[in-house]
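Below are the chains, spelled out letter by letter.
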Amino acid sequence: MYWEKEIETMDRGGLEKVQMARLRETLARAKKSVHYGKLFAEMGLDAGAIRTVADVGKLPLTTKEDLRENWPYGFLACSRDDLIRMHSSSGTTGRATVIFHTESDVAAWTNLLARSMYMAGMRRSDVFQNMMTYGLFTGGLGFHYGAEKIGALVIPAGAGNSKRQIQLMRDFGTTAIHIIPSYALHLASVFTESGYDPRRDTKLRMAFIGAEPHSEKMRRKIEEFYGFKAFNSYGLSEMNGPGMAFECPEQHGLHIWEDNYIVEIIDPATQKILPEGEEGELVATTLMREGMPIIRYRTKDLTRIIPGPCPCARTHRRIERIKGRTDDMMIIKGVNIFPIQIEKRLMEIPGVGTNFVIILDRVDYGDQMTVKVEVQRGFFGGNLQQLETLRRRIVEEIKTDILITPKVDLVEPDSLPKSEGKAVRVIDNRKD
Ligand code: AMP
Ligand code: ZN
């Protein structure tokens, strides 16, 4: 049941002691880096002032801009000779941030992934197909090492090439996959087109899905199609990547591995720490990173801590699935909207296919939102009346949620651009 029972179920007092000891080491190490060395000196920060885990709130926040300004080596707390691995964020805007790992960093990260996958139920008897991009993105090598540590047979399939993915699954009896949720839906349509049904024609029994926001409805749709359990996996490259927070078999919130991270939820506007249970921006401090410790990193991801214990008996607190990133928020006619709100509605409507995109334009000085939605293959048999009924229903459902009437265009299956990595959900033409 547990990969490391003692630490996974340790009482909160014990866990805080572990955190405190590791925080002290982290601060001492961070001070050696150019960035924190300078910052701590300027602040006159005395490590003695940090007596409890809650005191972490007295430390300065770190932002993506800090990482960029200190690019590439200004956060290093060790010699470059001690590094064995580099990864980077998949950010499409500006310079991608890079993260370096020592041997012990990779070992600690690998262990967290093994712990996470084991928690969800993967074992050495599993055949694990990793359908994530290998390379700088953390989802490839991160999961790969973790699955090998469990002792599963790993197929490093990488992303894309859907027909081959299905072939691999069938040839080698794949039981577990790691896949981006939007791609899982796309792959579903390739299964159908190829005349295969994953329930009948594969041995798939579980999936790890993550790397992008997705709703509970989308998870259920994926689970239903494939006939497996899909576990939400969350992380960001600045905090290693996946393995930071993961769902247990309860599938109700993601346990944050608090022996490796201290997490806080702040109000993104005021930067004040919010009480447990309130929604805000996740801020995280690494506790086990030797090469490049990062303190109070602003993830820009919106979530909340789920108060109370989890029936699985793990004591590490849970976060709710990520609602979106502060910078994904669309402001349309003055209303704040997240793409996941649209996605959630679409996933409930029969006839909706596997992909959609939101396009924002400025028309006559006002905002206009267009949602292009792929329809399900073969669902309508060319019946225009039915298509129009579907279109109207989508308009109504979205309007009920966001109080804005969108323009909805129905399009053919597979006609919208799809990405092998994180889905691009919003095209904002309003920015000039
Ligand atoms: P990267 O560092 O490029 O791997 O991107 C990390 C970002 O991907 C996070 O900050 C989140 O915004 C997003 N992300 C990763 N996993 C999830 C997940 N399970 N649910 C929602 N968003 C996620
Ligand atoms: Zn649990």
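Residues numbered from 1 in each chain as written. Chains lettered and ligands numbered in written order. Predicted model: local features only at pLDDT ≥ 70, side-chain atom pairs only at ≥ 80, totals over all residues. Heavy atoms only, no water.

(A) Seen up close, the sheet that holds strand E14 (residues 318-319). Taken in spatial order, the nine strands line up as E4-E3-E5-E6-E7-E8-E9-E14-E13 in an open sheet, and their pairing is mixed. Looking at strand neighbours, the two that pair on one side only are strand E4 (153-155) and strand E13 (305-306), the edges of this open sheet. Along the sheet, helix H5 (residues 103-120) contacts strand E3 (127-130), strand E6 (206-210), strand E7 (229-236), strand E8 (241-247) and strand E9 (254-256); its crossing angle with E8, the most-contacted strand, is approximately 30 degrees. Lying over the sheet, helix H7 (residues 162-172) contacts E3, E4 and strand E5 (176-179), oriented at roughly 170 degrees with respect to E3. (Pairing = 2+ DSSP bridges. Helix = DSSP H or I, 4+ residues; strand = E, 2+ residues; numbered from the N terminus. Contact = heavy atoms within 4.5 Å. Axes fitted to C-alpha atoms, helices over the stretch in contact; angles between N-to-C directions.)

(B) Expanded view of H7. Burial in H7 covers these residues: Ser162, Gln165, Ile166, Leu168 and Met169. Here the buried residues of H7 occupy an arc of 155 degrees about the axis, which is enough to place them on one side. Buried residues along H7 sit in contact with E3, E4, E5 and helix H8 (181-193). Immediately beyond the C-terminal end of H7, within one or two residues, lies Gly173, with a positive phi of roughly 65 degrees. (Buried < 20%, exposed > 50% of the residue type's maximum accessible area, 1.4 Å probe, protein only. Arc of directions from axis to C-beta.)

(C) Molecular detail of the coordination of the zinc ion (ligand 2). Coordination of the zinc ion (ligand 2) by the protein is provided by Cys248 (SG), His255 (NE2), Cys310 (SG) and Cys312 (SG), with metal-donor distances spanning 2.1 to 2.3 Å. One way to put it: the four donor atoms around the zinc ion (ligand 2) meet at angles of 101 to 117 degrees, and that makes the site tetrahedral. Positions of the donor residues of the zinc ion (ligand 2), expressed as sequence spacing, correspond to C-x6-H-x54-C-x1-C. Of the two residues examined, Cys310 and Cys312, each falls in the buried class. (Donors = N, O, S within 2.8 Å, 3.2 Å for Na, K, Ca; no water. Tetrahedral: all angles 85-135°; square planar, octahedral: opposite > 155°, others 65-115°.)

(D) Summary view of the side chain of Gln341. Inspection of the secondary structure puts Gln341 in helix H11 (residues 339-347). Here Asp401 takes part through its side chain, which lies 3.3 Å from a polar atom of the side chain of Gln341. Once residues within four sequence positions are removed from consideration, Gln341 is found in contact with Asn336, Asp401 and Ile402. (Polar contact = N/O pair within 3.5 Å; in protein donor to acceptor, adjacent residues only side chain to side chain.)

(E) Just the pairing of E6, in detail. Burial runs high along E6: five of the five residues are buried. Alternating positions in E6 separate into two faces, Met206, Phe208 and Gly210 on one and Ala207 and Ile209 on the other, with burial throughout. Bridging between E5 and E6 involves four bridges; their strand directions are parallel. Bridge assignment links His178 to a residue of E6, and that residue is Phe208. Pairing between E6 and E7: five bridges, direction parallel.

(F) Focus on the sheet that holds strand E11 (residues 280-286). Spatially, the four strands line up as an open sheet ordered E10-E11-E12-E15, and their pairing is antiparallel. In this open sheet, the two edge strands, each paired with only one partner strand, are strand E10 (261-266) and strand E15 (324-325).

(G) Main features of the environment of Phe246. Counting through the fold element by element, Phe246 comes out in strand E8. Separated by 126 residues in the primary sequence, Phe246 and Ala120 have C-alpha atoms spaced 8.4 Å apart. In this structure, Phe246 is in contact with Ser116, Met117, Met119, Ala120, Phe143, Phe208, Phe231, Asn232, Ser233, Gly253, Leu254 and His255, ignoring residues within four places of it in sequence.

(H) Examining the domain arrangement of the protein more closely. Partitioning the protein into domains gives domain 1 (1-327) and domain 2 (330-428). Averaged C-alpha coordinates put domain 1 and domain 2 at centres separated by 30 Å. Counting residues at the interface gives 24 residues for domain 1 and 17 residues for domain 2. The junction of domain 1 with domain 2 conceals about 1800 Å² of combined surface from both sides, 60% of it contributed by carbon and sulfur atoms. Taken together, the links from domain 1 to domain 2 amount to two salt bridges. Applying the counting rule to domain 1 against domain 2 returns six residue pairs in polar contact (both at pLDDT 80 or more). Breaking the side of domain 1 that touches domain 2 down by element, the ones donating at least two residues are H8, helix H10 (216-226) and E15. Here the side of domain 1 that touches domain 2 gets five residues from one element, more than from any other, and that element is H8. (Domains from an automatic or database assignment. Buried area = accessible area lost by both parts, 1.4 Å probe. Salt bridge = Lys/Arg side-chain N within 4 Å of Asp/Glu carboxyl O.)

(I) Expanded view of the nonpolar core. In this structure, Met117, Met122, Phe128, Phe208, Tyr234 and Ile319 are the most contacted members of the largest nonpolar core, which totals 64 residues. The biggest single contributor to this core is H5, with eight residues. Discounting chain neighbours no more than four positions away, the residues touching Ile319 are Tyr234, Ala245, Gly253, Leu254, Ile256, Leu282, Thr303, Arg304, Ile305 and Ile306. Residues Met131, Ile179, Leu187 and Met347 belong to the second largest nonpolar core, which totals 24 residues. (Core = buried A, V, L, I, M, F, W, Y, C linked by side-chain atoms within 4.5 Å.)

(J) Molecular detail of the packing of H7 against H8. Relative orientation of the contacting elements H7 and H8 amounts to 80 degrees, with a least axis distance of 10 Å. Classified by the angle their axes make, H7 and H8 are roughly perpendicular. The residues of H8 that touch H7, namely those facing Ser162, Lys163, Gln165, Ile166 and Met169, are Tyr183, His186, Leu187, Val190 and Phe191. Looking at side-chain class alone, the contact of H7 with H8 contains six nonpolar, three polar and one charged residues. (Parallel < 35°, antiparallel > 145°, perpendicular 65-115°, else oblique. Nonpolar A, V, L, I, M, F, W, Y, C, P; charged D, E, K, R; others polar.)

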